[in-house]
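What follows is the residue order along each chain.
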Amino acid sequence: MHLQSAAAFLALLASACPHVTHAKQQGLRRKLAANDCTIMAVEALGLEEGEDPEMIVECELNPDDADGVSGISLLLDANPAQLGAMRQLISDGQVTPGHHKLNIVGAEIDDSAVHVPPGLDIASSVRQNVEKEGRRRLVDTIGNLNMLLVKVTDVGGLVYPDSATTMSDEVFGTGTDPVNLKSGLEECSWDKLTVVPGLSDPNEVATGVIEVDIGISFTNNTRGTIRNAITTAVQAKLGHSLPGPYDYVLYSVEKCYVDCGWAAYAYINSWNSVYQGVYYKRPGVLMHEIGHNFGLAHSGGLDGATYTDHTCTMGNPHYSDDAFQCFNPAKNFQLNWYNDAKITEDPRTNGYDTTLTMVGIDEYNIRGGSPVTVRLETGGGADYFVGFNRASATGPNRMNDEGDNQVTIVQVNGNNGVSYSQSFLKAKLSQGQSYAITNYAGTGKTVTITATSIDISTTPGTAVVYISDGLVPAPPSPPPTPAPVTPAPTIASCPGAQEMMEVQIQTDNYASETTWTLTDKCGSNGVILSGGPYGSANTPFSSNVCANDGEYEFQINDSFGDGICCGYGTGSYLVKF
């Protein structure tokens, strides 16, 4: 009886005080009005001596469930099996945070969490976010990216002591700081990306920086509660929902007091990252978190830990104020900065072997036609990636922390390296060293990757990488053309009225698949010249023959059927008469 009276009194109190909304009544649950929320995922970077924090799953509320405020995200309160299923869907690429919604009819929320019914099947409850279908599924990393830094003061006056001008310089290099977030991203992308601080908004107190006050304390509130309070305050100050005209918005808080263990955290495939204390001005930490915004997962090391790959800023990054590093071959393949310098190989074919001359992203601008990252297809998503970890004295990778000037091999957990997936460093090869992958892609054979030679005395430095399954190549299937004839020797000049006809071939990665014939269509000579199959990939060949004026047919054949350009190398042909 007393409990019923207390409940009735609480309901009467709430209705009598309209400024006290249901969302702000501590611990009071209510039904989720919209019946769904947008799935969000948070990756945190531990302190230098901290543990590896686990991915945090949240749900962003519809404004109707958050007192009309957008961008409010709450923890997803679910049982271990449900949370495990959601993390797996995200890791497998079946759920894209910020894009997919969770349909949870009958769920309840309070001021800290969305409470999932225990019997809800996670996989069957995911659907596309129709309202955001027009937004990019994977964030863009090309062109001008507008960024905003928010300096936050809590209700007790706690704020990081750096001035707004100093903070602008530390993050965007607007003063004298030569190493910062802007310089790091622009160098690693070879200026494919340009960081634009702010939008000259009148609320900016320094270039790209605004200040907000929140009505709660840093000292006794959780990470999520503080973040939501900041989002609400920023939107009120700017007069629009976030991210609005900005691509990325960074929050700086004085310190973490509750729910700690992190230096910074970011929302995957989204616009927001948060930094405590001094970490807002650590370029490596900033690039790590913006990498999560880009949709990049962590990079594990040879020890199998979550982020101990020190060849990549998505591993454990530099924590100093004057250093950053770029990304590993898997992340370089995922980012669209090097689309003209990445290739895919498929060693599952029996008799596979290829030799590649690779250049590091450090000298991407002078690479010629050499690739900087190579994907080895497995057919199951857990592909391997090979790169040359060049670290010159002046290039963007000059501050690299591991495996300088070695060939690095990385494997991803899934998604073929084109979207969010944890990666692990598998090997660092010096000249003459090899890495063997047994039972490659379930084929039962061993594929070996060898750093045949590494030369950093040249510009650019190069690594010659040989990849082979050690099997004798199977004989090619006979082409559906007349039997090839022996190519004519190189001819200096032709007799009488005859003219020299030349065929030039540039092979792709699969030279043994290419054959061609040149046939006389007027006379009775039939096939007068032919070529292939070839034994050297990515190599130019030339054949010629003396011929009379007439009609000739050139026919080129690729036995696999995928042509010679441009998915697996850049092959070409030219017939000159």
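Data block above holds the structure.
Let me begin by describing the structure that accompanies this report. Note that the structure is a prediction, hence the values are computed from the model and not measured. Along each chain, numbering runs from 1 in the same order as the chain's sequence is written. The predicted origin of the model limits local features to residues at a pLDDT of at least 70 and limits the giving and counting of side-chain atom pairs to 80 or more, whereas totals for whole chains, interfaces and linings rest on all residues. Calculated side-chain values reflect all of the structure's heavy atoms, with hydrogen atoms and water omitted.

Our next topic: the nonpolar core. What makes a nonpolar core is a set of buried Ala, Val, Leu, Ile, Met, Phe, Trp, Tyr and Cys residues whose side-chain atoms join them at distances within 4.5 Å. Exposed residues in this analysis have more than 50% of their type's maximum accessible area, buried residues have under 20%, and partly exposed residues fall in between, with area computed by a 1.4 Å probe over protein chains only. By size, the foremost hydrophobic cluster in this structure holds 46 residues, and its most contacted members are Met-147, Leu-181, Leu-185, Ile-290, Phe-294, Phe-327 and Trp-337. Counting from the N terminus, the helices are the DSSP runs of H or I reaching at least four residues and the strands are the DSSP runs of E reaching at least two. For this core, the secondary structure elements donating two or more residues are β9 (143-153), α3 (164-172), α4 (181-188), β10 (193-197), β12 (248-253), β13 (262-267) and α6 (283-293). Non-local contacts of Met-147, meaning those with residues more than four positions away in its chain, are made with Phe-172, Leu-181, Leu-185, Val-195, Val-196, Pro-197, Gly-198, Gly-208, Tyr-246, Tyr-248, Leu-250 and Ile-290. Core analysis: the next-biggest nonpolar cluster, separate from the first, contains 31 residues, Leu-32, Ala-66, Leu-83 and Val-114 among them. Residues are treated as being in contact if the distance between any of their heavy atoms lies within 4.5 Å.

Side-chain rings of Phe, Tyr and Trp (the six-membered ring for Trp) are treated as a pair once their centres are within 6.5 Å; stacked means planes under 30 degrees apart, edge-to-face means over 60, and tilted covers the remaining angles. If you walk through the whole model with that rule in mind, you get 13 aromatic pairs. The structure contains a cluster of three or more aromatic residues connected by ring pairs, namely Tyr-248, Phe-294, Phe-327, Trp-337, Tyr-338 and Tyr-364. The cationic tip of Arg-227 hangs over the ring face of Tyr-267; the distance from NZ or CZ to the ring centre is 4.4 Å. In this scheme, the term charge over a ring applies when either NZ of a lysine or CZ of an arginine sits within 6 Å of the ring centre and within 35 degrees of the ring normal.

Here we come to unusual backbone geometry. The step from Leu-242 to Pro-243 runs through a cis peptide bond, and the omega angle for that step is 5°. Of note, the phi angle at Asn-35 is positive, near 65°, even though the residue is not glycine. Tracing the sequence through the fold places Asn-35 in the loop between β1 (30-31) and β2 (36-46). Within the chain, Trp-190 stands out as a residue other than glycine whose phi angle is a positive 50°. When you line up the elements, Trp-190 lands in the loop between α4 and β10. A relative accessible area of 27% places Trp-190 in the partly exposed class.

The subject of this paragraph is the sheet that holds strand β24 (residues 462-468). DSSP-based pairing: two strands are paired if at least 2 bridges between them are found. Judged by pairing direction, the sheet is antiparallel, and its 4 strands sit side by side in the order β17-β24-β23-β22 without closing on themselves. Each edge of the sheet is formed by a strand with only one pairing partner; in this case those strands are β17 (353-358) and β22 (434-437). In this sheet, adjacent strand axes meet at a mean angle of 15° when their direction is disregarded. Simply put, an axis is a line fit to the C-alpha atoms, just over the touching stretch for a helix, and the angle between two N-to-C directions goes from 0 to 180 degrees.

A word on the pattern of salt bridges. Salt bridge criterion: a side-chain nitrogen from Lys or Arg within 4 Å of a carboxyl oxygen from Asp or Glu. Scanning the entire structure with this criterion turns up 15 salt bridges. When the shortest N-O distance is used, the salt bridge between Arg-223 and Glu-58 registers 2.7 Å. One end of the pair, Arg-223, is in helix α5 (residues 223-238); the other, Glu-58, is in strand β3 (residues 56-60), with 165 residues separating them in the sequence. Residues joined in a network through salt bridges with shared partners are Asp-36, Lys-101 and Arg-127.

The next thing to look at is the environment of Ala-451. Note on placement: Ala-451 falls in strand β23 (residues 447-455). Owing to a relative accessible area of 0%, Ala-451 belongs among the buried residues under this scheme. Along the chain, Ala-451 and Tyr-435 lie 16 residues apart, while their C-alpha atoms are 9.0 Å from each other. Ignoring anything within four residues of it in the chain, the contact list for Ala-451 reads Val-407, Leu-429, Ser-430, Gln-431, Gly-432, Gln-433 and Val-464.

Inspection of the secondary structure puts Asn-328 in the loop between β15 (299-300) and α7 (329-334). The definition of a polar contact used here is a pair of N or O atoms within 3.5 Å, where within protein one atom must be able to donate a hydrogen and the other to accept one, and adjacent residues in sequence count solely through side-chain atom pairs. Engagement of the side chain of Asn-328 in a polar contact is seen with the side chain of Asp-309, the distance being 3.1 Å. Polar contacts involving the side chain of Asn-328 include one to the main-chain amide nitrogen of Lys-331, which spans 2.9 Å.

Let us look at the state of the cysteines. Note on terminology: pairs of cysteine sulfur atoms within 2.5 Å are recorded as disulfides. Within the structure shown, the criterion is met by 3 disulfides. Disulfide pairing is shown between Cys-37 and Cys-59; the S-S distance is 2.2 Å. Between Cys-37 and Cys-59, the S-S dihedral sits near 75°, and the bridge is therefore right-handed. Residue Cys-37 is located in strand β2, and its partner Cys-59 is located in strand β3; the two are separated by 22 residues in the primary sequence. The exposure classification of Cys-37 matches that of Cys-59, with both residues buried. Bridging Cys-188 to Cys-326, the disulfide has an S-S length of 2.0 Å. Between Cys-188 and Cys-326 the sulfur-sulfur dihedral comes to about -85°; the bridge is accordingly left-handed. With Cys-188 in helix α4 and Cys-326 in the loop between β15 and α7, this residue pair connects regions lying 138 residues apart in the sequence. There is no split in this pair, since Cys-188 and Cys-326 are both buried. Summary of cysteine pairing: Cys-312 is not part of a disulfide, and the nearest cysteine sulfur, belonging to Cys-326, is at 9.3 Å. Relative accessible area serves as the criterion here: at 0%, Cys-312 is assigned to the buried category.

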